[in-house]
Amino acid sequence: MINDKVKEILNEQINKEFYSAYLYLSMGAYLSDVGLYGFSKWMEIQAREEIDHGMILFNYILKRKAKVELKSLGGPELSFNGVEDIFNKAYEHERSITSAIDCIAGLTENECDLATRNFIDWYLKEQIEEEDNVLRIISKIKAFGSDKASLYLLDKELGNREYSQSDYE
Ligand code: FEO
């Protein structure tokens, strides 16, 4: 069993992960609209991973015999100012998710809920990857994005991303 404070913060995190999916789908729609189909595919796969992140929390709460309380999702931003703006915003968003995960780790320690503290380690590591992946793309956009031929190749590279289900176990 997990206590109410831990249950509440985990339910909030489900919402944040599903909102992340919504945000990345919105970014993907914009990117598709401007013909950057590879970037768009990258975002679509990112959105699917975010749903996985939400579902891992969902299943954990159920396994601990606590109540899943799904909250309403706000609408994500719909208009953007080019591909660099999008990835800068994605990076800011991931940083906010990292802070949220850090807070979960802190709360579970304060509540002496070491099982959940252990569970959340997976997310702490995942956030290092999430931030790094976006930062690498930003670096490439900064280095090559102003040249159309290079942007085309970068779009192709990102379009090669394959979805693989995030697996906690
Ligand atoms: Fe689930 Fe991108 O953090």
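Residues numbered from 1 in each chain as written. Predicted model: local features only at pLDDT ≥ 70, side-chain atom pairs only at ≥ 80, totals over all residues. Heavy atoms only, no water.

Peer 1: So what about helix α5 (residues 148–159)? Which residues, and what values?
Peer 2: Spanning 12 residues, α5 covers 16 Å between terminal C-alpha atoms, matching the ideal 16 Å at 1.5 Å per step. Within the sequence span of α5, burial applies to L151, L154, D155, L158 and G159. Burial along α5 is one-sided: seen end-on, the buried residues are contained in an arc of 140 degrees. In α5, the exposed positions angled more than 90 degrees off the buried face are occupied by Y152, L153 and K156. In the core, the buried residues of α5 are packed alongside α2 (37–63), α3 (82–110) and α4 (114–144). (Helix = DSSP H or I, 4+ residues; strand = E, 2+ residues; numbered from the N terminus. Expected span 1.5 Å × (residues − 1). Buried < 20%, exposed > 50% of the residue type's maximum accessible area, 1.4 Å probe, protein only. Arc of directions from axis to C-beta. Contact = heavy atoms within 4.5 Å.)

Peer 1: Please set out the packing of aromatic side chains residue by residue, giving values where relevant.
Peer 2: Between two aromatic rings, the relevant description is the distance of the centres plus the angle of the planes. Tallied over the full model, the rule gives 6 aromatic pairs. Relative to F87, the ring of F39 has its centre 5.8 Å away and its plane inclined at 65 degrees; by these criteria the two rings are edge-to-face. Here the residue F39 occupies a position in helix α2, and F87 occupies one in helix α3, the gap between them amounting to 48 residues. The exposure class assigned to F39 is buried, which follows from its relative accessible area of 0%. Clustering of aromatic rings is evident, with ring pairs tying together Y60, F119, W122 and Y123. Positioned over the ring face of Y163 is R48, at 4.0 Å from the centre of the ring. The ring of W42 carries R161 above its face, with NZ or CZ at 4.4 Å from the centroid. (Phe/Tyr/Trp six-rings, centres within 6.5 Å; stacked < 30°, edge-to-face > 60°. Lys NZ or Arg CZ within 6 Å of the ring centre and 35° of its normal.)

Peer 1: Which residues make up the environment of E157, and what values go with them?
Peer 2: Mapped onto the secondary structure, E157 falls in helix α5. Residue E157 is classed as partly exposed on the basis of its relative accessible area, which comes to 39%. Between the alpha carbons of E157 and I61 there is a distance of 37 Å; along the sequence they are 96 residues apart.

Peer 1: So, the packing of α4 against α5: which residues are in play, and what are the values?
Peer 2: With their axes 9 Å apart at the nearest point, α4 and α5 run at an angle of 160 degrees to one another. Taken together, the axis directions place α4 and α5 in an arrangement best described as roughly antiparallel. The chirality of how α4 crosses α5 is right-handed. Side by side, α4 and α5 meet where I137, K140, I141 and F144 of the first sit next to S150, L151, L154, E157 and L158 of the second. Considered class by class, the residues forming the contact of α4 with α5 number 6 nonpolar, 1 polar and 2 charged. (Axes fitted to C-alpha atoms, helices over the stretch in contact; angles between N-to-C directions. Parallel < 35°, antiparallel > 145°, perpendicular 65-115°, else oblique. Left-handed = near helix turned anticlockwise from the far one by under 90°. Nonpolar A, V, L, I, M, F, W, Y, C, P; charged D, E, K, R; others polar.)

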